[in-house]
Amino acid sequence: MSHIAYVNGRYLPQKHASVHIEDRGYQFADGIYEVICIWNGLPVDYAGHLARLNRSLAELSMRSPASAGALTLILKEIVRRNHIDKGTIYIQVNRGVAPRAHAFPGEGVKPSVVVTAKHGAGSPESVAEAGVKVITAVDQRWDRCDIKSVGLLANALAKQAATEAKAYEALLHTSDGTVTEASVSNAWMVTPDKVIVTHPATQAILGGITRATVIKIARAAGYQVKERPFTLAEARKAKEVFLTGTTTFVMPVVQIDERPVANGAPGTIALDLRQRYRAFMDGLTETAWNV
Ligand code: PMP
C-alpha cells in the first residue's frame, strides 16, 4: 500500500511528494519536527507534542504554519488515509523557500509543512522483556537541544555507532561525564536506594513528551523521582537504567558498553513503568485529539 503524505496543502502519494531544492530545511536544517505515536488510531500525548511544536517554532522565530484546529484536521486525515492503527506521524515545518542566504528571508516567505505516517509503533514486547544494550558516546551537539530541530547529524552519528556495535541506543555524555540523554530517547537511572533520576529539562536535552508523562505516572505510583544530572559512573553502578521516548515507550537497559547493569536483567521499576505507560496508551479515548 502506498503512503500518503501531506505537503503544503496537498495530499499526495509519498513517492510523488517533494520539496523545493531551495527549501531552508534542506540547505540550513532550518526546520523543526515532531513525531507522535498513534495507538489504536489515537494520538499519544497530542497536546504535549503540539505545545512542544509551537515552542520550537517560537524559539526559532518561525511562524506557525496553521492553527491548532487546522493542523489537527490534517493529522487526522493523514491517520485516516494511511489506515494507521498503531504507528507514528511525522510533522516537519521548515522556514520556507528562498534564494540561499543565511539570514532569514522576508516576511512574505511561508513555512513549508510536510506530514507523513508510518505503520508500527515501538519495539516488540520481547525486546523490552530481554532489555537492551547501549553504548556510550560523547554528546557532540549544540547548546539548544531543547529545540526539536531537524539538525540531527550528531544524533545520527551516535545512533550509527550504536547500530554498528549491535546496540539499541547510544547514551550521550559530556566531557565531564554527565549523561545528558540518548540519541533518540531520554535516559534515566534508578539509584541503589530506589530514587528514579533523569536529567532536568534544560537546554542540554530534548524535553521528551514521554519523559514528562513517565515522571507523572511514576510519581502517581508512589515512586520518588528526582530531576538532576547524573554521571556515567553513577549509571554504571545504578540499580537500573532505562530509556523513554515516543517510539521507545519505557525500555530497560541491561548493558552499558560491555558491562551489565546490576545483575544484567531488566529492572523491575522500568518494567513496572513500561506496563503503566502501556496502560495509559490503552486507555486513550477520542478526547486524545483535544488540545
Ligand atoms: N531525546 C531525543 C534526542 C529525541 O530525539 C527524542 C525522540 N524525539 C527524545 C529524547 C524523546 O522525546 P519524546 O518522548 O518526546 O519522543
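Given the structure is predicted, the values throughout are model-derived calculations rather than measurements.

Another aspect to go through is the sheet that holds strand S1 (residues 4-7). Pairing is antiparallel across the open sheet formed by six strands, whose spatial order is S2-S1-S6-S5-S3-S4. Among the strands making up the open sheet, the edge pair consists of strand S2 (10-13) and strand S4 (42-43). In this sheet, S2 lies alongside S1 in antiparallel orientation, the contact comprising four bridges. Following the sheet pairing, Ala-5 is matched in S2 by Leu-12.

Okay, the domain arrangement of the protein next. Looking at the assigned domains, one finds that the protein contains domain 1 (4-119) and domain 2 (125-282). Taken together, the contact between domain 1 and domain 2 spans 22 residues of the former and 21 residues of the latter. Buried surface at the junction of domain 1 and domain 2, both sides included, amounts to about 1800 Å², of which 62% is carbon and sulfur. Considering only the surface of domain 1 that becomes buried against domain 2, Tyr-33, Trp-39 and Arg-52 emerge as the three largest contributors, covering 36% of it. Between domain 1 and domain 2 we count two salt bridges in total. Between Asp-146 and Arg-55 there is a salt bridge, and its shortest N-O distance comes to 3.0 Å. Inspection of the domain 1/domain 2 interface yields eight residue pairs in polar contact (both at pLDDT 80 or more). Of all the secondary structure elements, the ones that give two or more residues to the side of domain 1 that touches domain 2 are strand S3 (31-39), helix H2 (46-59) and strand S5 (87-94). Considering each element in turn, the side of domain 1 that touches domain 2 owes the most residues, eight residues, to S3.

This next bit is on the nonpolar core. One broad rule of soluble globular proteins: the nonpolar side chains tend to lie buried together. Leu-75, Ile-89, Val-115, Ile-196, Phe-242, Leu-273 and Tyr-277 are the most contacted members of the largest nonpolar core, which has 47 residues in total. Not counting residues within four places of it along the chain, the set of residues in contact with Phe-242 comprises Asn-186, Ala-187, Trp-188, Val-190, Ile-196, Val-250, Met-251, Pro-252, Val-253, Ala-270 and Leu-273. One finds Ala-128, Ala-182, Leu-243 and Val-253 within the second-largest nonpolar core, a separate group that totals 20 residues.

In the contact formed by H2 and helix H3 (residues 68-81), the axes pass within 12 Å of each other and the chain directions differ by 120°. With respect to H3, the element H2 is oriented oblique. Once H2 is placed against H3, the crossing between them reads as right-handed. Only Ala-68, Leu-71, Thr-72 and Leu-75 of H3 make contact with H2, whose side of the interface consists of Tyr-46, Leu-50 and Leu-53. Residues that form the contact of H2 with H3 fall into these classes: six nonpolar, one polar and no charged.

Surveying the vicinity of the ligand reveals 16 residues, the closest of which are Lys-148, Glu-181, Ile-209, Thr-210 and Thr-246. At 2.5 Å from a nitrogen atom of the ligand is found a side-chain nitrogen or oxygen belonging to Lys-148. In the environment of the ligand, an oxygen atom lies 2.6 Å from a nitrogen or oxygen atom belonging to the side chain of Thr-210. Protein contact buries 93% of the 380 Å² of open area that the ligand shows by itself. According to the grid-proximity analysis, the pocket containing the ligand is the largest pocket. If you list the elements that add at least two residues to the shell around the ligand, you get strand S9 (178-182) and helix H6 (209-220).

Thresholds applied
- Residues numbered from 1 in each chain as written.
- Predicted model: local features only at pLDDT ≥ 70, side-chain atom pairs only at ≥ 80, totals over all residues.
- Heavy atoms only, no water.
- Pairing = 2+ DSSP bridges.
- Helix = DSSP H or I, 4+ residues; strand = E, 2+ residues; numbered from the N terminus.
- Domains from an automatic or database assignment.
- Contact = heavy atoms within 4.5 Å.
- Buried area = accessible area lost by both parts, 1.4 Å probe.
- Salt bridge = Lys/Arg side-chain N within 4 Å of Asp/Glu carboxyl O.
- Polar contact = N/O pair within 3.5 Å; in protein donor to acceptor, adjacent residues only side chain to side chain.
- Core = buried A, V, L, I, M, F, W, Y, C linked by side-chain atoms within 4.5 Å.
- Buried < 20%, exposed > 50% of the residue type's maximum accessible area, 1.4 Å probe, protein only.
- Axes fitted to C-alpha atoms, helices over the stretch in contact; angles between N-to-C directions.
- Parallel < 35°, antiparallel > 145°, perpendicular 65-115°, else oblique.
- Left-handed = near helix turned anticlockwise from the far one by under 90°.
- Nonpolar A, V, L, I, M, F, W, Y, C, P; charged D, E, K, R; others polar.
- Near = heavy atom within 4 Å.
- Areas by Shrake-Rupley, 256 points an atom, 1.4 Å probe, with all protein chains shown as cover.
- 1 Å grid on protein atoms, 1.4 Å probe; cavity = no way out; pocket = protein on both sides within 12 Å on 5 of 7 lines; lining within 4 Å.
- Sits in = over half its atoms within 2 Å of the grid points.

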